[in-house]
Structure formats: C-alpha cells, structure tokens
Amino acid sequence: MIQLTINGEVRQLHQSMNIEQFIDQNNLQGKRIAIERNGEIVPRSQYAEQYLIDGDQLEVVVAVGGG
Amino acid sequence: MDNFVIAGKTYSSRLLVGTGKYKDFTETRAAIEASGAEIVTVAIRRTNIGQNADEPNLLDSVPPSKYTLLPNTAGCYTGDDAIRTLRLARELLDGHSLVKLEVLGDAKTLFPNMMETLKAAEILAKEGFDVMVYTSDDPIAAKQLEEIGCVAIMPLASLIGSGMGILNPWNLQIIIENAKVPVLVDAGVGTASDATIALELGCDGVLMNTAIAAAKNPILMASAMRKAVEAGREAYLAGRMAKKIYTASPSSPVEGVIASTKAL
C-alpha cells in the first residue's frame, strides 16, 4: 500500500504502478492532461517509466474555460 | 496589410478572447467565431480523478490546430504557482511557449502583485516562454516587464470582470509611447466603445472575456467587439482631427445660403 497526494487529496494505491497504469486506472487515457510529480513536469514520454512511490505529490491538470 | 505581430507570429485580429463564464462549449465556440479572435485564452485546472470519463473537453471545441491558445495563470497568487501552472500548460499543449502571466495580489480587486509578476516573468522568459503579461497600468512596471523580455505588456483598463471601461487613458498612453513590444488592454472592457477607445489610444490589441460572456447575447456582443476593435484601429491609423475646444467650424459652405436676411 502506498499513499499519494493527488490534486491535493490523499489517496491510497494497493500496489505500485507506473504513471501510464495510473492514467488507465482513472479513465484518463487519451485525454489532454499534463502531470506534475513532486514539483517537476512528467513528460508524456516518461509515463511508462516513472513508478509512483509512497509520499508522491501529483498534480493532474486539464485546460478549462478562462480569461 | 495592418498585421499584428506577437512573438514573431503575425495575426490579423487584434481582439483576443477568453473562454470562461460561457453557458457551454457550444456557446464558447460560437462566440469565439463571431469575435474573429485568433488568440484564445484558457485556464489550467486540476482534473477530476476517476470520474467523468465522458466529460467534454474545452480543447475539442477550441482546437489548438485552429486557434493560438494562450494558457493563463488566473487564480495564482504567487510567482511559483504561476510558473508551475505554465510549465504544466506547456506540457499539455505540446511545447507551446506563448503564455499569459498574471499573478494576483488580492482576491477582492484581482489587482496584480507586481513584485511576484516581475520575478515570475524573468524566470519564465529565461525558460523560453513568450510571456504576455497582465500588469497594473504603471508605466515603470510596464517598462521593467518589457526589459525582462516579455513579448507583450497587458495593462488593466479597470478591474478584471468589472466592465468599468478605460479609467486611466493617460497612463495607457504613456505605456504605449514607451513600449517597443505590443501593448494590449487586458481587463475592464465592458462594451464595444471601450474596446474602440483602447485601439484609438494606440493599443495594439484588447483581451477580454466577461464583456462578451456576460452580455445578454454573447454572440452578438462578440460580433460587436470585432467591429469595435477594427473601427478603433482604423481610426488610430487614420489619425483623428485635432480637437478644437469651443470652436465650431461649419462643414457646409458658408456662401450661397438662401437666407432672406443676413444672419446677425
């Protein structure tokens, strides 16, 4: 069990996974998102390489209406 | 052609529009089309995790292939948050570098925090961003932002979302005269005449959202704004007549009037 903070909310994952798996599990595949992990951008090309670990802080964002 | 260049790219429309506060994405798209805008602002926000798999996406209605998207940092109160937001935006938009920086100082007035804005602008410019920056209408701050490397200076005309119009045309004029990069009024436009005045003053463009989105008929207002910006620009280029205070000057010939008695 690992504990993460995602978009400001604490969440638990039952098993370790990479970011690509995390995206699939949360129905975000194919969506235009960007991810920051512990203050650093995670390039899309690294989604399969980066494994989430206990204490990670993730921000997952989209574009929305704004001025 | 009277083109408008920002960060080396040429645009024909001097009206930039936001995508906030619309009823739905259909209305957003229709308003943008009616406005003729080519540069369109978007905000960057946390997504819902594990829900709303079929939620419509703004970028389907405002495709980056058709518009130049301008991600903003609305809602950021520190330079650090603004920088993080724009790094995320750049990743989200496949390396896109044109951004709108705004660092707010106060939730009530939404006035910018200029210290944080200057710090963030400097870092972003060094990281290769093309920064269009929201600023107070302080000519010194505007000049400093230009010297840091911002590609456009965007002073407020009045408070964001207030529709109060152009409250200090004199400061805007000083900023315009001093600037070697485009100056755009960002914030405060309420109706078409406000946009026209901004362009008549010599602003290179106007960025607005609420004036269109909060109109009773946003699509019609978008069309009005398009014309207002064009009219203001043409009037600016044409060069207005000199004001003659308290001095009337008839437009028709003074001779040959069929008056029976000579006017006194």
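This write-up is about the structure you can find in this document. (Residues numbered from 1 in each chain as written. Chains lettered and ligands numbered in written order. Predicted model: local features only at pLDDT ≥ 70, side-chain atom pairs only at ≥ 80, totals over all residues. Heavy atoms only, no water.)

1. Some points on the overall build of chain A
Put simply, the rule is: Numbering goes from the N terminus for both helices and strands, where a helix is a DSSP run of H or I of at least four residues and a strand is a run of E of at least two. In this setup the radius of gyration rests on C-alpha atoms only. A globule is expected at 2.2 Å times the number of residues raised to 0.38. Contact definition: two residues touch when any of their heavy atoms are within 4.5 Å. Here the accessible surface of atoms and residues is derived via Shrake-Rupley with a 1.4 Å probe, and residues count as covered only by protein chains that are part of the display. In summary, the charge assignment counts Lys and Arg as positive and Asp and Glu as negative, without counting His or the chain termini. Note on charges: their place is set at NZ of Lys, CZ of Arg, CG of Asp or CD of Glu.
Each helix and strand in chain A was counted, giving one helix and five strands. Helices and strands appear in chain A in the N-to-C order β-β-α-β-β-β. Against the compact-globule benchmark of 11 Å for 67 residues, chain A has a radius of gyration of 12 Å, which places it among compact chains. Projected onto its principal axes, the C-alpha positions of chain A cover 40 × 25 × 20 Å. Contacts in chain A between residues far apart in sequence, at least 24 positions, make up 52% of those at least 6 positions apart. Taken as a whole, chain A presents about 3,500 Å² of accessible surface, with 43% of it coming from carbon and sulfur. Within chain A, one finds 5 positive and 9 negative side-chain charges whose respective centroids are separated by 9 Å.

2. Let's talk about the overall build of chain B
In terms of regular secondary structure, chain B is built from nine helices and ten strands. By its C-alpha atoms, chain B is 90 × 40 × 40 Å across when sized along the principal axes. Working note: accessible area of chain B is about 13,100 Å², and carbon and sulfur atoms make up 54% of it. Each charge class in chain B can be summarised by its mean position, and for the 25 positive and 30 negative side chains these summaries are 4 Å apart.

3. Looking at the sheet that holds strand β6 (residues 98-101) of chain B
All names here are of chain B. The criterion, for reference: When DSSP finds at least two bridges between two strands, those strands are taken to pair. In this analysis an axis means a line fitted to C-alpha atoms, helices contributing only their contacting stretch, and an angle means the value between N-to-C directions, from 0 to 180 degrees.
Pairing within the open sheet is parallel, and its three strands lie in the order β6-β7-β8. The sheet is open, and its two edges are formed by β6 and β8 (152-155), each paired on a single side. With strand direction ignored, the average angle separating the axes of adjacent strands in the sheet is 20°. Relative to strand β7 (residues 130-135), β6 runs parallel, the two being bridged by four bridges. Along β7, the bridge assignment pairs L98 with D130. Here helix α4 (residues 114-126) sits on the sheet and contacts β6 and β7; the angle it forms with β7, its principal contact strand, is near 175°.

4. As for the packing of helix α7 (residues 192-200) of chain B against helix α9 (residues 218-238) of chain B
All names here are of chain B. The line we're drawing: Oblique is the label for every angle not falling under 35 degrees (roughly parallel), over 145 degrees (roughly antiparallel), or within 65 to 115 degrees (roughly perpendicular). Less than a right angle of anticlockwise turn of the near helix away from the far helix marks a crossing as left-handed, whereas a clockwise turn marks it as right-handed.
One way to put it is that α7 packs onto α9 with a least axis distance of 7 Å and a crossing angle of 25°. Of the possible angle classes, the one that applies to α7 and α9 is roughly parallel. Pair α7 / α9 crosses with right-handed handedness. Residues A192, A195, T196, L199 and E200 of α7 lie in contact with α9, whose contacting residues are A224, M225, A228, V229, A231, G232, R233, A235 and Y236.

5. Considerations on the side chain of B:D137
All names here are of chain B. For clarity, the threshold we go by: Whether a residue is buried, partly exposed or exposed follows from its accessible area with a 1.4 Å probe, protein chains only, as a fraction of its type maximum: under 20%, in between, or over 50%, in that order. Think of a salt bridge as a Lys or Arg side-chain nitrogen and an Asp or Glu carboxyl oxygen that are within 4 Å of each other.
Inspection of the secondary structure assignment puts D137 in the loop between β7 and α5 (139-148). No salt bridge is formed by the buried D137, whose closest oppositely charged neighbour, K100, lies at an N-O distance of 16 Å. Sequence-distant contacts of D137, defined by excluding residues within four places in its chain, comprise P155, L156, N168, N171 and I175.

6. Considering the interface of chain B and chain A
What counts, and what does not: Summed over both partners, the accessible surface that disappears when two parts come together, traced with a 1.4 Å probe, is what is meant by buried area. For the purposes of these results, a polar contact is taken to be a pair of N or O atoms within 3.5 Å, where, inside protein, one atom must be able to donate a hydrogen and its partner to accept one; residues adjacent in sequence count only when each atom of the pair is a side-chain atom. For this classification, Asp, Glu, Lys and Arg are treated as charged, while Ala, Val, Leu, Ile, Met, Phe, Trp, Tyr, Cys and Pro are nonpolar and the rest, including Gly, are polar.
Between chain B and chain A, the contact holds 33 residues from the first and 27 residues from the second. Around 2,600 Å² of area is buried between chain B and chain A when both sides are counted, 55% of it from carbon and sulfur atoms. It is B:R46, B:I49 and B:E91 in chain B that bury the most area against chain A; as a group they hold 26% of the surface buried on that side. Between chain B and chain A we count five salt bridges in total. Two residues, B:R84 and A:E36, come together in a salt bridge whose shortest N-O distance is 2.5 Å. Joining chain B to chain A, the criterion identifies 16 residue pairs in polar contact (both at pLDDT 80 or more). Counting only elements with at least two residues in the side of chain B that touches chain A, the list comes to β4 (39-46), α2 (58-61) and α3 (79-92) of chain B. No other element matches the six residues that β4(B) contributes to the side of chain B that touches chain A. Its residues placed into classes, the side of chain B that touches chain A shows twelve nonpolar, eleven polar and ten charged.

7. Some remarks on the packing of helix α1 (residues 25-35) of chain B against α9(B)
All names here are of chain B. Packing of α1 against α9 leaves a shortest axis separation of 7 Å and a crossing angle of 25°. Here α1 lies roughly parallel to α9, going by the angle between them. The handedness of the crossing between α1 and α9 comes out as right-handed. For the pair α1 and α9, the contacting residues are E27, A30, A31, E33, A34 and S35 in the first and P218, I219, A222, S223 and R226 in the second. Among the residues forming the contact of α1 with α9, the class breakdown is six nonpolar, two polar and three charged.

8. Details of the side chain of B:T41
By secondary structure assignment, the location of B:T41 is in strand β4. Here B:T41 falls in the buried class, since its relative accessible area comes to 0%. Polar side-chain contacts of B:T41 include one of 2.9 Å to the backbone oxygen of A:G66. The residues contacting B:T41, other than those within four sequence positions of it, are A:G66, A:G67, B:V17, B:G18, B:T19, B:L70 and B:L207.

9. A closer look at the environment of B:Q173
As for its placement among the helices and strands, B:Q173 is situated in helix α6 (residues 169-178). C-alpha separation for the pair B:Q173 and B:T68, spaced 105 residues apart in sequence, amounts to 27 Å.

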